[in-house]
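Coordinate inspection notes
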Amino acid sequence: MARSLSTRSRFAVAYLVLGAAVGVGVGSFLVLVQRDPPPPPPPWSSWEPTAAESDTTTRMLEIANHIGSSYTLASGNQLVAIQTQSTKANFQGVVVVKPDNATQLDKQYGRDDTAVFLFCGGSKACKIDGTPTIARGTVLRREALELALYTFEYAHPIDNVLIFFPPGPGEKALTSTLFFQRDDLNSSLKHPLRRTLPQVDPPVPGQIRPAERKTVDDLTGNKRYKYLGTSQNVIVIQPPA
């Protein structure tokens, strides 16, 4: 009889332990259910285009207007107007030739995933008024970088962005471009814009902070391409040798 009671006691203890374990599990589940969900991640930018996501053309126009109106000279005049060339019906794409051979094709990009913008100053030739300076060129490259980032973030399915710069000293036509691809800037697209470009208000020439200037140099330094012309509505560019 003592042996039987001992066995029965052991079963009772086991049931008590199991019940306690179940109770703890249920309690933990209730705590998890009642806990507030994690806050949403911060937005990529404080501004974004309002057109439908499927309306890529209008989104690019909105982005160009937003970025273009944000950058000014010390005089307060807008630095450049931004025109969107890829909206023209005859645009067929971009061709990249070899760095050391302008007649040899290297890569080509179609019109459906390529955006082309033109930075245009106040003169007929799109030159910027005033004396060109290194500081002004740095701010122009910052503007181009921000334009490319906004385009990749909000204008899908664009994967390539070509930006024409105004003619430089002694130039009468467009010759200089920056050419970005989505993969080039993928790491910057994974976090909010202000981690890449912390200055909320775009700087006027000469007032970009050293750390931000380094970021601009790092992300644009090897994106400079020479514009060779347009053939059969295809833009031809060449990287530096």
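First, a word on what this report is: a plain description of the structure on this page. Everything numeric here is computed off the predicted structure, so don't read it as measured data.

Structural notes on the packing of helix α3 (residues 134–154) against helix α6 (residues 210–220)
The geometry of α3 relative to α6 is characterised by a closest axis approach of 10 Å and an angle of 65° between their N-to-C directions. Taken together, α3 and α6 sit at an angle that is classed as roughly perpendicular. Here α3 and α6 pass one another in a crossing that is left-handed. Every residue of α6 that contacts α3 at Thr138, Arg141, Arg142 and Leu145 is listed here: Glu212, Arg213, Val216, Asp217, Leu219 and Thr220. Residues that form the contact of α3 with α6 fall into these classes: three nonpolar, two polar and five charged.

Some remarks on the environment of Arg194
Looking at the secondary structure, you find Arg194 in helix α5 (residues 193–196). Remark: the alpha-carbon pair of Arg194 and Trp44, spanning 150 residues in sequence, is separated by 8.3 Å. When sequence neighbours within four positions are dropped, the list of residues in contact with Arg194 reads Arg142, Glu146, Gln199 and Val200. At a separation of 2.7 Å, a polar atom in the side chain of Arg194 contacts the main-chain carbonyl oxygen of Leu197.

Quick notes on the rules
- Residues numbered from 1 in each chain as written.
- Predicted model: local features only at pLDDT ≥ 70, side-chain atom pairs only at ≥ 80, totals over all residues.
- Heavy atoms only, no water.
- Axes fitted to C-alpha atoms, helices over the stretch in contact; angles between N-to-C directions.
- Helix = DSSP H or I, 4+ residues; strand = E, 2+ residues; numbered from the N terminus.
- Parallel < 35°, antiparallel > 145°, perpendicular 65-115°, else oblique.
- Left-handed = near helix turned anticlockwise from the far one by under 90°.
- Contact = heavy atoms within 4.5 Å.
- Nonpolar A, V, L, I, M, F, W, Y, C, P; charged D, E, K, R; others polar.
- Polar contact = N/O pair within 3.5 Å; in protein donor to acceptor, adjacent residues only side chain to side chain.

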